[in-house]
Amino acid sequence: MKTIWIIDHYSSEPQYGGISRQFDFAKELGKRGYRVVVVASGFSHFTHKYISEKNIFVNRPADNIFYIYLKTSSYETNNGLARAQNMLDFMHKVLRCEAAIAKKYGKPDVVTGCSVHPLAWVAAYKVAKKYKIRFCAEVRDFWPRIWVVSGEKKPYDPMVLFFGWIQRWAFQKADKVIYSMAHGDKYICGELGIPRSKTALIGQPMDCERFDENAKKKELLPERIQEFISDGFICSFAGYYMTYEGVYVMLEALKILEQKGMPIKMVFVGSGQEKEGMLEFIRSNKLKNALVCDRILKEAVPALISQSDICMAHLEVKGHKEVYKYGVSKNKVNEYLYSGSCTLYGFLYKDDEVATSGGGMVFEPYNAFDLAEKIESVYHMPKDERKQYGWNGRKYIRNNRRVEVLADQMLKVLFD
């Protein structure tokens, strides 16, 4: 039995609310007879709470799969020195614990280090070098490029130079570079000069069976949400309450629709720094058909969005159109498309999968009038025409994002 190690700081099993990409791959690869060891942080970036207080906490969610959570330092906000310390701590803990992990759960035959932050690449490379195995670098977010093009940092900021150096080093050292953004090769190969033969596009996987099973569990939704969505035309949002996620654009669109007397409801589930601002917007504009809630269980999200008529997403840093020109890697867009609802996506680039799949429509970012107009058009559509968006989205995901399909691609990258 071959053993695959995946080092991903922010991965977790679904019940802990983290990124489920590696869990989905691990589960599928485990079914195929591979032993998969996922090494992650025991401190959740999403809830800012510990999954476990143990120094090493191990779960076995399925045959051949081991989730190993290492206790790292904590932080209260997603910016600042405390988070940077958490990243360094994770790298050091991986290197300190890898021998014990290998002894108990199997030496790796291949190792993948997964960003968001690039120190996971450093840890994975050192493990690969020790065991003389293939090292794959997976990238889901182009740090430090995004810092610069979003205006957050200057090109010669020490952090930009440091992370830029690690990125180039990791991609050069890697046997394979896995990216999940549609046009990521234009950056990796075009701007960084990495040979195309070393790169592989593997998008976000979708466990369709798990989604379908969770969609039936309506009892997982808090009662106030169940009551709110029990009637009316429902538009839902699940994710971060951040300006670039378009939460105020959506509320502005609802204001326009309420002024027209349209019976449209919007429900928001998530967390983020804009929550209080959203509630104040609702109060000051006397909106009657908005509900803003805290995060819900990840397993409960399918039950919400599958009962919605429209799922809403938005991604753009205002005034910085270059940020997402290479595409994005968002799990929730997969879920939206598969939900059976129509997806409306505020995104600048029209070749996005929401539009090309026929599963929804792209609207102009930060344009509440455009969003309101598209919601109104979906509302007035004949039911069969509206449902066609959902059927198109489900078909697209099954053909292109189903975990069984992407696992075939992943195995070729890992072992061919």
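See the structure above.
Along each chain, residues carry numbers from 1 onward, in the same order as the chain's sequence is written. Where local features are concerned, this predicted model is filtered to residues with pLDDT of at least 70; where side-chain atom pairs are given and counted, the filter is 80 or more; whole-chain, interface and lining totals use all residues. Where side-chain values are given, they derive from all heavy atoms of the structure, hydrogens and water being excluded.

### Considerations on the overall build of the protein
Item 1. What counts as a helix is a DSSP run of H or I of at least four residues, what counts as a strand is a run of E of at least two, and both are numbered from the N terminus. From N to C terminus, the protein includes 16 helices and 14 strands.
Item 2. At 21 Å, the protein has a C-alpha radius of gyration in line with the 22 Å of a compact globule built from 416 residues.
Item 3. Dimensions of the protein, computed from C-alpha atoms along their principal axes, come out at roughly 65 × 45 × 40 Å.
Item 4. Buried residues are those whose accessible area, probed at 1.4 Å on protein chains only, stays under 20% of the maximum for their type, while exposed residues exceed 50% and partly exposed ones sit between those limits. When the 416 residues of the protein are sorted by exposure, 60% land in the buried category. As a reference, a globule follows 2.2 Å times the number of residues to the power 0.38, and the radius of gyration itself is taken over C-alpha atoms.

### So, the packing of helix 2 (residues 81-105) against helix 3 (residues 119-131)
Between two packed helices, the angle of one axis relative to the other and the distance separating the axes together describe the packing.
Item 1. Note on geometry: axes are lines fitted to C-alpha atoms, helical ones only across the stretch in contact, with angles between N-to-C directions running from 0 to 180 degrees. Packing of helix 2 against helix 3 leaves a shortest axis separation of 9 Å and a crossing angle of 25°. Taken together, the axes of helix 2 and helix 3 lie roughly parallel to each other. Seen from above, helix 2 lies across helix 3 with right-handed handedness. In this structure, helix 2 uses Met87, Leu88, Met91, Val94, Leu95, Glu98, Ala99 and Ala102 to contact helix 3, whose residues at the interface are Leu119, Val122, Ala123, Lys126, Val127, Lys130 and Tyr131.
Item 2. Basically, the charged four are Asp, Glu, Lys and Arg, the nonpolar ten are Ala, Val, Leu, Ile, Met, Phe, Trp, Tyr, Cys and Pro, and anything else, Gly included, counts as polar. Classifying every residue of the contact of helix 2 with helix 3 gives 12 nonpolar, no polar and 3 charged. These descriptions rest on fixed angle ranges, namely under 35 degrees for roughly parallel, over 145 for roughly antiparallel, 65 to 115 for roughly perpendicular, and the rest for oblique. In a left-handed crossing the near helix is turned counterclockwise from the far helix by less than a right angle, and in a right-handed crossing that turn is clockwise. Contact between two residues is taken to exist if any of their heavy atoms lie within 4.5 Å; hydrogens are not considered.

### Some words on the pairing of strand 10 (residues 264-271)
Item 1. In terms of burial, strand 10 is a largely internal element, 8 of the 8 residues being buried.
Item 2. Of the two faces of strand 10, the one holding Ile264, Met266, Phe268 and Gly270 and the one holding Lys265, Val267, Val269 and Ser271 are both buried throughout.
Item 3. Any two strands between which DSSP finds at least two bridges are classified as paired. Of the strand pairs in this sheet, strand 9 (residues 233-240) and strand 10 are connected by 8 bridges, and their pairing is parallel. Looking across to strand 10, one finds that tyrosine 240 is bridged to serine 271.
Item 4. We call a crossover right-handed when, viewed with the strands running away from us, the connection from the first strand over the helix to the second turns clockwise. One crossover worth recording links strand 9 to the parallel strand 10 by way of helix 9 (residues 247-259), and it is right-handed.
Item 5. Direction of pairing for strand 10 relative to strand 11 (residues 290-293): parallel, over a ladder of 4 bridges. Note on strand 11: the bridge partner recorded for methionine 266 is alanine 290.

### Some remarks on the sheet that holds strand 14 (residues 360-363)
Item 1. Pairing is parallel in the open sheet, where 6 strands are placed in the order 11-10-9-12-13-14. A single partner strand is all that each edge strand has here, and the edge strands are strand 11 and strand 14. For this sheet, the mean inter-axis angle between neighbouring strands, taken without regard to orientation, is 20°.
Item 2. Pairing analysis gives 2 bridges linking strand 9 to strand 12 (residues 310-314), with the strands arranged parallel. For serine 236, the partnering residue across the bridge sits in strand 12 and is cysteine 311.
Item 3. In this fold helix 9 packs onto strand 9, strand 10, strand 11, strand 12 and strand 14, with an angle of close to 165° to the strand it touches most, strand 10.
Item 4. Across the sheet, helix 12 (residues 331-338) is in contact with strand 9, strand 12 and strand 13 (342-346); its angle to strand 9 comes to roughly 160°.

### Some details on the sheet that holds strand 3 (residues 56-62)
Item 1. In spatial order, the strands read 3-4-2-1-5-6-7-8; together these 8 strands make up an open sheet with mixed pairing. Whereas interior strands pair on both sides, the edge strands pair on one side only; in this sheet they are strand 3 and strand 8 (199-201). With direction set aside, neighbouring strand axes in the sheet form an average angle of 20°.
Item 2. With 5 bridges joining them, strand 3 and strand 4 (residues 65-70) adopt antiparallel strand pairing. Bridge assignment links valine 58 to a residue of strand 4, and that residue is isoleucine 68.
Item 3. Contacts from helix 1 (residues 21-31) reach strand 1 (3-8), strand 2 (35-41), strand 3, strand 4, strand 5 (110-114), strand 6 (134-139) and strand 7 (176-179) within the one sheet, and its direction differs from that of strand 2 by about 165°.
Item 4. In the packing of helix 3 onto the sheet, contacts are made with strand 1, strand 5 and strand 6, and the angle to strand 5 comes to roughly 170°.

### Some words on the pairing of strand 2
Item 1. Along strand 2, 6 of the 7 residues are buried, which leaves the element largely enclosed by surrounding structure.
Item 2. Where strand 1 meets strand 2, 5 bridges bridge the pair, whose relative direction is parallel. Paired with tryptophan 5 across the strands is valine 37, a residue of strand 2.
Item 3. After leaving strand 1, the chain enters helix 1 and then returns to the sheet as strand 2, a path that is right-handed.
Item 4. Two strands pair when backbone bridges link them, and strand 2 and strand 4 are joined in this way by 6 bridges, in the parallel orientation. Bridge assignment links alanine 40 to a residue of strand 4, and that residue is tyrosine 69.

### Remarks on helix 7 (residues 208-215)
Item 1. Among the residues of helix 7, those classed as buried are Cys208, Arg210, Phe211, Asn214 and Ala215. Projected onto a plane normal to the axis of helix 7, the buried residues spread over an arc of 160° and lie on a single side.
Item 2. Elements in contact with the buried residues of helix 7: helix 1, helix 11 (301-305), helix 12 and helix 15 (383-400).
Item 3. Whenever a nitrogen or oxygen atom comes within 3.5 Å of another N or O atom, the pair is scored as a polar contact, on the condition that within protein one atom can donate a hydrogen and the other can accept it, and that pairs from neighbouring residues in sequence are kept only if both atoms are in side chains. Sitting at the head of helix 7, aspartate 207 places a side-chain oxygen 3.3 Å from the backbone nitrogen of glutamate 209. The arc under discussion is defined with respect to the helix axis, by the directions toward the C-beta atoms.

### Quick notes on the pattern of salt bridges
Item 1. What makes a salt bridge here is a side-chain nitrogen of Lys or Arg within 4 Å of a carboxyl oxygen of Asp or Glu, nothing more. According to the stated counting rule, one finds 25 salt bridges in the structure shown.
Item 2. In this structure, glutamate 138 engages arginine 21 in a salt bridge whose closest nitrogen and oxygen atoms are separated by 3.0 Å. Of this pair, glutamate 138 sits in strand 6 while arginine 21 sits in helix 1, and the two are 117 residues apart along the sequence. The exposure classification of glutamate 138 matches that of arginine 21, with both residues buried.
Item 3. Each of the salt bridges in this network shares a partner with another, and the network as a whole consists of Asp8, Arg21, Glu138 and Arg140.

### Topic: the nonpolar core
Item 1. Residues belong to a common nonpolar core when they are buried Ala, Val, Leu, Ile, Met, Phe, Trp, Tyr or Cys residues joined through side-chain atoms within 4.5 Å. Among the nonpolar cores identified, the biggest contains 73 residues, and Ile225, Met266, Phe268, Ile310, Met312 and Ile375 are the most heavily contacted of them.
Item 2. Per-element tally for this core: the top contributor is helix 9, with 8 residues.
Item 3. Once residues within four sequence positions are removed from consideration, methionine 312 is found in contact with Cys235, Ser236, Phe237, Met250, Met266, Phe268, Tyr336, Leu344 and Ile375.
Item 4. Counting 54 residues, the second largest nonpolar core, distinct from the first, contains Leu70, Tyr131, Val160 and Trp169.

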